[in-house]
Amino acid sequence: FVATLDFNGDFSLPNNLIVTGNSIVLDLNATGIVAATGNVSGGNLTTIGEVSATGNVSGGNLTTGGEVVATGNVSGGNLTTGGALSVTGNANVGNLGAAAGVFTANVSAGNLSTGGVLSVTGNANVGNLGTGGLITATGNVTAGNLATSGTLSAGGNANVGNLGTGGLITATGN
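Residues numbered from 1 in each chain as written. Predicted model: local features only at pLDDT ≥ 70, side-chain atom pairs only at ≥ 80, totals over all residues. Heavy atoms only, no water.

1. A few points about the overall build of the protein chain
As a reminder of what qualifies: Helix and strand assignments follow DSSP, with helices taken as H or I runs no shorter than four residues and strands as E runs no shorter than two, numbered in order from the N terminus. Between the two quantities, the radius of gyration covers C-alpha atoms and the globule rule is 2.2 Å times the number of residues to the power 0.38. Burial classes: relative accessible area under 20% of the type maximum marks a residue as buried, over 50% as exposed, and values in between as partly exposed (1.4 Å probe, protein chains only). In this description, accessible areas are obtained by the Shrake-Rupley approach with a 1.4 Å probe, and a residue is regarded as covered only by the protein chains that are shown.
The helix and strand inventory of the protein chain stands at zero helices and two strands. Relative to the globule expectation of 16 Å for 174 residues, the C-alpha radius of gyration of the protein chain, 39 Å, shows a markedly less compact shape. Counting only residues that meet the buried cut, the protein chain has 0% of its 174 residues in that class. Roughly 18,600 Å² of accessible area belongs to the protein chain as shown, and the carbon and sulfur atoms make up 48% of that amount.

Here's what the structure looks like:
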């Protein structure tokens, strides 16, 4: 074979270089394929093309300025994003912690519990409404029956069709 060693210390071969033992190479420039059947150990791997692996890729961290694209499942301990999480299918979540939520469609849930205020701008159609406090309405209240075991108090006029009582009717005016 013919090898060339120039004045800069560069060594070149016109054909293949086969090494059966360990090889320590400080700078390797190749225009063809560099093939290794064993492990390749290095400080950094830089490419202007793509990195392709048919087996698993194991690493401490994956940093990219672009996208991470996976056609299969992505399994991890935590998923952190500074942007939006977009899910087109179902998202089965054990616990969902959020400072705020925006839902553009119906929300179906077993129980809705809040220590704050429930604010509804549309109609609230509920089967039963129970409270340990007050029910306040600034508009009209339309109901089939109004039953109380306490006092019914009206600050304005009370216009009633029929008034029935099992007790007294007391009036201080006309």
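Once the structure has been displayed, the description carries forward.
2. Description of a nonpolar patch on the surface
What counts here: What makes a patch is a set of residues exposed beyond 30% relative accessible area and free of salt bridges, joined within 9 Å when like-charged and within 5 Å when nonpolar (Val, Leu, Ile, Met, Phe, Trp, Tyr). When a carboxyl oxygen of Asp or Glu is within 4 Å of a side-chain nitrogen of Lys or Arg, the pair counts as a salt bridge.
A surface patch of nonpolar side chains, amounting to about 300 Å² of accessible area, comprises Val25, Leu28 and Val34. Turning to its location among the elements, Val34 is positioned in the segment after β2 (11-12).

3. Considering the environment of Leu45
Locating Leu45 in the fold gives a position in the segment after β2. Each C-alpha atom of the pair Leu45 and Thr165 lies 92 Å from the other, and the pair is 120 residues apart in sequence.

4. Notes on the environment of Asn140
Tracing the backbone shows Asn140 in the segment after β2. Overall, Asn140 belongs to the exposed group, its relative accessible area being 80%. Expressed as a C-alpha distance, the spacing of Asn140 and Thr71, which sit 69 residues apart in the sequence, is 57 Å.

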